[in-house]
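# Structural characterization, general
As a plain string of letters, each chain reads:
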Amino acid sequence: MGSVSSTKRPIMPSTRDLVNELIAKDSIVIFSKTYCPYCTMAKKVFDSLKKTYTAVELDDREDAQEIQDVLGEITGARTVPRVFLNGECLGGGTDVKKLYENGELEKKF
């Protein structure tokens, strides 16, 4: 009988480069999934502030797992949303909403 091992696929440098480029390209970048309520929560915060953002909808991409793996390395979490403002990870939907509600988010622009 053989043994089954689960090996993690190595992250391609091109995926890491893509994620870094996406984060650097715009001041607000949200790695999201279209059906995720926390992603919607984060987007609504920026909509209410009338701030434009780039939403990278991972459920529309074949490289979603690789992107989430890179986000996990960069931020310590691979869950969505992962929200970046000027290259800094603000966290997820609940984090962004909390920053907005206590007035800290506007200070970051």
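Going by the annotation in an unreviewed UniProt entry, the name recorded for the protein is Glutaredoxin-2, mitochondrial, with Temnothorax curvispinosus given as the source organism. UniProt lists a comment for the protein under the heading Sequence similarities (unreviewed entry), and it reads "Belongs to the glutaredoxin family." Taken verbatim from the UniProt record of the protein, the Subunit (unreviewed entry) comment is "Monomer; active form. Homodimer; inactive form. The homodimer is probably linked by 1 2Fe-2S cluster."

### Quick look at the pairing of strand β3 (residues 82–85)
For a regular strand, side-chain orientation follows a simple rule: the groups alternate between the two sheet faces. Covered by surrounding structure in β3 are Arg82 and Phe84 together with Val83 and Leu85, the residues of both alternating faces. Strand direction decides the pairing type here: strand β1 (residues 28–32) and β3, joined by 4 bridges, are antiparallel. If you follow Val29 over to β3, its bridge partner there is Phe84. Relative to strand β4 (residues 88–91), β3 runs antiparallel, the two sharing 3 bridges. Looking at the pairing, Leu85 lines up with Glu88 of β4. Between the antiparallel neighbours β3 and β4 lie 2 residues, among them Asn86 with a positive phi of about 50°.

What counts and what doesn't
- Residues numbered from 1 in each chain as written.
- Predicted model: local features only at pLDDT ≥ 70, side-chain atom pairs only at ≥ 80, totals over all residues.
- Heavy atoms only, no water.
- UniProt positions renumbered as here; feature names shortened; annotations may be inferred.
- Buried < 20%, exposed > 50% of the residue type's maximum accessible area, 1.4 Å probe, protein only.
- Helix = DSSP H or I, 4+ residues; strand = E, 2+ residues; numbered from the N terminus.
- Pairing = 2+ DSSP bridges.

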